[in-house]
Structure formats: structure tokens, C-alpha cells
Amino acid sequence: MVTIRLHNSKTRKKEAFSPLDPANVRMYVCGPTVYDRAHLGNGRPVVVFDTLYRLLRHVYGAEHVTYVRNFTDVDDKINATALARKEAGDPRSMEALIHERTEETIGWYHADMDALGALRPDHEPRATAYIGPMVAMIEGLIAGGHAYARAGHVLFRVRSYKAYGALSGRSVDDMIAGARVEVAPFKEDPMDFVLWKPSSEEEPGWSSPWGRGRPGWHIECSAMSYELLGASFDIHGGGLDLQFPHHENEIAQSCCAHPEAGFAQVWLHNEMLQVEGKKMSKSLGNFFTVRDLLDQGVPGEVIRMVYLSTHYRKPMDWTAEKAREAEGTLRKIAQFLSRDPFTKPWVDVSKAVPPQEVVDALANDLNTSLALTHVSKYLKDEQEMQLVGALDLLGFDVEALKAKFAGFELHAWDNGFASGHSLRASGIAPAPWQDQLRALRDTLSKLRQDAMQTKNFAPVDALKSALTAAGVEVRMSKAGVELLPGPGFDPAKLEGLK
RNA sequence: GGCGGGUUGGCGGAGAGGUUACGCAGCGGAUUGCAAAUCCGUGAAGACCGGUUCGAUUCCGGUACCCGCCUCCA
């Protein structure tokens, strides 16, 4: 069996991965707070951990991996969004507005992440469905002396957990010394954090031993991972920005609530994303969502490939240039895959399996960049079996690639060996302009054959320029004429040509 | 201020203590009515200083610069 090696944030070392139970490999990844569309940075961990999920399924068997990613649907940002709608005149209750907001956001999230080729996790628990287990865990922490109730709040007693700070490499004393925030007066210690807080009438709340309130941010992940994966499981992932305080607090809560267990064995953190060399932020005006890109015509596969081109533990820079390059690569792949079967060796791609060297690349701390290098090699060497197997493991749907990126080719073969015309539409539905393009191809072919005799190429070049301007790639060779509508194809510009 | 990460050729981006990464772009050639596409060939690197070593871009230390976290954030 392949040995997967992962860089464990907890030990700061690359370690051989050894699941607690190979028959049930368990992974928990922190999911989104569902108050708005997922931005480009939110997509990175989704694709990174989707790739790991696919690798684990490949190595241990799809039915032996359990992947949990939560939806945080109780949060002050959600409340704020709902409140804004209410103040804008919406007559419905806050509860209804909050529910509407979380539901629509989850729907967006699914649609956007599906477009990136990410498999849905096995479980996508919502925090609001686990309030009971959270309350139970908090009660346990109080009973164990790890938490205390004050002024309607319940706080975690950081000093009661000796290893606090181990994950993020901080000491409690250093953090207090460098703290910049005001400390609530009811805290025993400045670093103590909220497990439960009171809710006003307008805010969502649940009854609890401490009055009507709602959970703090961190407790949900501790409670849900415990309910769905147990007190000990294999992998916990998330963005580097969650390492502190979120993951540190999760560890403290879970390890104090279940001191007999080890909580997550391996911690993985992906580095952050930048845009054209700068942090993505609304104030810099370079903030955009996954949906923004999709709407601009950047296919999800392109976004996925750009994500995978940088190792997950390095900062990733999103640039238009990278997207352009990735699109070019995908087009070449798709054109090769959908090429006429008579022009390449026949292989039964339904039997394709991921090449060992690609599995090895991913098994080496998810070296997706190296895996993509192998993909380029298979394309260059026309190794279709390897190519398809690798694309599949990396989360690219071969049929979707062919449909989206191959477009179609229009051939007019002139020579006697391959005479006649052919139209191959690779997976896309017939469009009204196809007939027009076909006619243009015939015209161009005719003009060119005439020009070969008369040596007057002006009409040929004129039509070629017009087609090029419409985003159609024109290829002419001894064999004949080919037209390939490219990424910038604009059927409107075909009007008037004949 | 505290903590963590990074710095590879024009750009992106890997592996490996000693022999070509690779992709894109460039350049030269083949091919083409001209192009495009394709094919062949090709130059170019390891922030800086020091140490370990027969030998370091790869290991160790320091300097500079960049980035992130410490407050909601993937």
C-alpha cells in the first residue's frame, strides 16, 4: 500500500500517515460561515482537502473514508445580514430572515464548490443541529473544572489546559503580553474564551442551563467532530488563519472534554491566497467570489487547476495570467482527448487507473504541482490511459473537459487520402451558428483551393482575418482547413461573413 | 511587540547533497501561399553573508526583504 506522508502542523514535521482504523479513515475540515458567497480564498481549502479526500479514497477505498465539513449557521455576521434586511423593511421575523440567509448561502456554496469539481463530504453538519451536544460538552467541561459560568456566559479556563498554545507555537503569557483587545471584566484570565453567550430577543438563542443564549464559535467543531467521528480521529484541516485561535481552542475543548482520547492525530493547514501579489480585501478592490469568476466565464476547472498548481503550504497568488495558462493547458488536454480515434492509438479509457507516479506525488504531502507536471508529460507523450487516470484522481471530469474545452473542430479535408468534410462536435449541443461556421469553412476551403491556382490570396486572407477577429482559430495545411472556435469566440462577429 | 512561513531562470513552479525538472514566454530551425497549430533545437536560476562537506540551490547559523496570524476571516 502507498504510504501517504503529510506535514503535521502539530509536530511541524512531515510524517508517515497511519490511520487509527484503516477501515474508516476520518477527516474533519472547518467549513464556511454561511453569511455570504464563498470568496476565492474560501475555495482553496475546499480543493486542497478534496484532493486529499480523493487520495485517501484511492488508497483506502472509497467506502473506508469519512469526510466531515461543517456549516457554521449561527454567527453574528449572519445575524447582521438578517438585521440589515429587517431594517430595510422586510416584515418577517429575525428567525425567518436568518434561516433564509443560511439556506440560500448553503445553496450557493454547494453550487460554487461543485463547479470547482469538489466532491461533497460524507457529512455536512450544521451547527444549529448540534446545539444539544454542544451544551452537553460545555456541561462536561464545567464539571471537570475546565470552564465556568459568569454573567450569562460560559468561559473556557485556558489555564486548566497545560498544552494550550502548542499547535500554534504560542505561550499564554506571551499572548497576554502582546494582546491588543479589551478584556471582558468577567474573565478570570484574559485568554479565556467564550463557550456560550447570552442572546438578546432579536438574536437566535436556545435555552440552556445558563439561560437563553447561543454557542461560541469554537465549540461547534468540537461537538460535531465528536458526534460524527468520535473523540479520536485522523485528520483535521483548515486554513492557516484558523490555526489560532480556532483550532487551538478546539483542541483545548476536545482534549479536556475527552482526556482519554487524542482528538485529531494530524493537523493540516493550507496557506493563504493572494490576488496579483496582494492580500485579497474589499478595501483594495481586489475582492471577488468564486461565483464572480464563474460568471466572468472562468470555468471551475481552470480555477481548480490554478489552485493545484501551487503547493497547499505555500501562499498562492491568483493572477489572470495563471488562469490563462491553465485554460490553455486544459484546452490542449481536451483537444487531445476528443481527437478523432483513428488518429491515435486506441485505448479503453474506462479501465484507466491513476499512474503510480501521480499517486506518489500526491502521497508526498499533496504535491499537486508535481502531479500536474506528470499530466503535462502524458499529454505531450500522448499517453491517454495515464492522462485520464491522472485527471480523474486530481478531480477533473474527462467528459466535462471535452465538452467545455475541446469545443469542436471543423475540417475540410482536401487531399485524396482523406477526402470529404467532417464536423465533430465534442459534447456540446448544436448551436445556431454551427451551420454558419460550417458554410464559412467550405467557403474558405474553396477560396484557398482557387487561390492556389490563381496565386491571389487576398480573399483568403480577408476571410481568415475576419474569422480570427471573431475568436476562431484558423488552421490551413496540406490536408485542408480547420476552424476551431476558441475561448474568445463571438458568434455575433460572424454576421455578414460569407 | 510576540509567533509562524517564505525568498529558485523573463514569468509560474518542482525534485534531489554531486548528472536536463517541467510549463508559459523568448530565440533558431523544420513545416506553411502567409499564418496558425505541430515538431526539433536552444540560452537563462537558486536573496545576501558565513559554516559543515571532497562537493550545497539542497543541511546549519546570521542578515535583508516579503507574507500571514495575534480581532471575524479559509
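Residues numbered from 1 in each chain as written. Chains lettered and ligands numbered in written order. Predicted model: local features only at pLDDT ≥ 70, side-chain atom pairs only at ≥ 80, totals over all residues. Heavy atoms only, no water.

1. Some details on the overall build of chain A
Part 1 of the reasoning: A tally of helices and strands in chain A yields 16 helices and 17 strands.
Part 2 of the reasoning: Along the three orthogonal principal directions, the C-alpha set of chain A runs to about 95 × 60 × 40 Å.
Part 3 of the reasoning: Within chain A, contacts between residues separated by at least 24 positions form 71% of all contacts whose residues are at least 6 apart in sequence.
Part 4 of the reasoning: Accessible surface computed for chain A: about 22,500 Å², of which carbon and sulfur atoms make up 53%.
Part 5 of the reasoning: Between the mean site of the 57 positive side-chain charges and the mean site of the 65 negative ones, chain A shows a separation of 5 Å. (Helix = DSSP H or I, 4+ residues; strand = E, 2+ residues; numbered from the N terminus. Contact = heavy atoms within 4.5 Å. Areas by Shrake-Rupley, 256 points an atom, 1.4 Å probe, with all protein chains shown as cover. Lys, Arg positive; Asp, Glu negative; His and termini not counted. Charge placed at Lys NZ, Arg CZ, Asp CG, Glu CD.)

2. Quick word on the packing of aromatic side chains
Part 1 of the reasoning: Evaluation of the coordinates by the stated rule reveals eight aromatic pairs.
Part 2 of the reasoning: Their ring planes at 15° and their centres at 5.0 Å tell us that Phe 156 and Phe 193 sit as a pair that is stacked. Placement of Phe 156 in strand S6 (residues 153-156) and of Phe 193 in strand S7 (residues 193-198) is noted, with a sequence separation of 37 residues between them. In terms of burial, Phe 156 and Phe 193 fall into one category: buried.
Part 3 of the reasoning: Taking the centre distance of 6.5 Å and the plane angle of 25° together, the rings of Tyr 164 and Phe 193 count as stacked. You can see Tyr 164 sitting in the loop between S6 and helix H5 (172-178) and its partner Phe 193 sitting in strand S7, a full 29 residues away along the chain. (Phe/Tyr/Trp six-rings, centres within 6.5 Å; stacked < 30°, edge-to-face > 60°. Buried < 20%, exposed > 50% of the residue type's maximum accessible area, 1.4 Å probe, protein only.)

3. Re helix H9 (residues 300-308)
Part 1 of the reasoning: Most of H9 is tucked away: nine of the nine residues are buried.
Part 2 of the reasoning: Taken as a whole, H9 has its buried residues at Gly 300, Glu 301, Val 302, Ile 303, Arg 304, Met 305, Val 306, Tyr 307 and Leu 308.

4. Description of empty space enclosed by the protein
Part 1 of the reasoning: Scanning the entire structure with this criterion turns up two cavities of 30 Å³ or more.
Part 2 of the reasoning: By volume, the largest cavity amounts to about 60 Å³.
Part 3 of the reasoning: In terms of lining residues, the largest cavity is bounded by Arg 44, Val 48, Thr 51, Tyr 307, Leu 308, Thr 310, His 311, Tyr 312, Leu 366 and Thr 368.
Part 4 of the reasoning: Those elements that place two or more of their residues in the lining of the largest cavity are helix H1 (40-60) and H9.
Part 5 of the reasoning: Here the element with the most residues in the lining of the largest cavity is H1; it accounts for three residues.
Part 6 of the reasoning: Here the lining of the largest cavity is composed, by residue class, of five nonpolar, four polar and one charged.
Part 7 of the reasoning: Summarising the domain contributions, the lining of the largest cavity has at least three residues from each of domain 1 (5-270) and domain 2 (275-406).
Part 8 of the reasoning: Taken as a whole, the second largest cavity encloses approximately 30 Å³ of empty space.
Part 9 of the reasoning: Met 137, Ser 222, Ser 225, Tyr 226, Gly 230, Ala 231, Ser 254, His 258 and Phe 263 together form the lining of the second largest cavity.
Part 10 of the reasoning: Element by element, the count of residues in the lining of the second largest cavity is highest for helix H6 (residues 219-229), at three residues.
Part 11 of the reasoning: When its residues are assigned to classes, the lining of the second largest cavity shows four nonpolar, five polar and no charged. (1 Å grid on protein atoms, 1.4 Å probe; cavity = no way out; pocket = protein on both sides within 12 Å on 5 of 7 lines; lining within 4 Å. Points joined across faces, edges and corners; volume = space filled by probe spheres on them. Nonpolar A, V, L, I, M, F, W, Y, C, P; charged D, E, K, R; others polar. Domains from an automatic or database assignment.)

5. Concerning the sheet that holds S7
Part 1 of the reasoning: Here four strands make up an open sheet; going across it, the order is S5-S6-S7-S8 and the pairing antiparallel. A single partner strand is all that each edge strand has here, and the edge strands are strand S5 (147-150) and strand S8 (213-215). Strand-to-strand twist across the sheet, computed as the mean angle between neighbouring axes with direction ignored, equals 20°.
Part 2 of the reasoning: Where S6 meets S7, three bridges bridge the pair, whose relative direction is antiparallel. If you follow Leu 155 over to S7, its bridge partner there is Val 194. (Pairing = 2+ DSSP bridges. Axes fitted to C-alpha atoms, helices over the stretch in contact; angles between N-to-C directions.)

6. A short note on the UniProt feature "binding site: Zn(2+)" (unreviewed entry) in chain A
Part 1 of the reasoning: What UniProt calls "binding site: Zn(2+)" (unreviewed entry) maps, in this numbering, to Cys 30, Cys 221, His 246 and Glu 250. These annotated residues cover 221 residues of sequence, but their C-alpha atoms sit close together, with the largest distance between any two at 10.9 Å. Considered against the largest pocket, the annotated residues that line it turn out to be Cys 30, Cys 221 and His 246.
Part 2 of the reasoning: Note that His 246 resides in helix H7 (residues 243-257).
Part 3 of the reasoning: Contacts of His 246, omitting those with residues within four sequence positions, involve Cys 30, Trp 217, His 218 and Cys 221.
Part 4 of the reasoning: A distance of 2.9 Å separates a polar atom in the side chain of His 246 from a polar atom in the side chain of His 218.
Part 5 of the reasoning: In contact with Glu 250, not counting residues within four places along its chain, are Cys 30, His 218, Cys 221, Ser 222, His 236 and Phe 263. (UniProt positions renumbered as here; feature names shortened; annotations may be inferred. Polar contact = N/O pair within 3.5 Å; in protein donor to acceptor, adjacent residues only side chain to side chain.)

7. Details of the sheet that holds strand S10 (residues 263-270)
Part 1 of the reasoning: Pairing within the open sheet is parallel, and its four strands lie in the order S4-S3-S9-S10. Because the sheet does not close on itself, it has two edges, and the strands there are strand S4 (65-69) and S10. Sheet twist, expressed as the average angle between the axes of neighbouring strands with direction ignored, equals 20°.
Part 2 of the reasoning: By the bridge criterion, seven bridges tie strand S9 (residues 232-239) to S10 in an arrangement that is parallel. The partner of Gly 238 across the bridge, within S10, is His 269.

8. Points about the nonpolar core
Buried together is how nonpolar side chains tend to be arranged in soluble globular proteins.
Part 1 of the reasoning: Counting 81 residues, the largest nonpolar core has Leu 40, Leu 52, Leu 56, Ile 303 and Trp 318 as its most contacted members.
Part 2 of the reasoning: Formed jointly, this core draws a minimum of three residues from each of two domains, domain 1 (5-270) and domain 2 (275-406).
Part 3 of the reasoning: If you look at the next biggest cluster of nonpolar residues, it comprises 40 residues, including Met 134, Ile 138, Tyr 161 and Ile 219. (Core = buried A, V, L, I, M, F, W, Y, C linked by side-chain atoms within 4.5 Å.)

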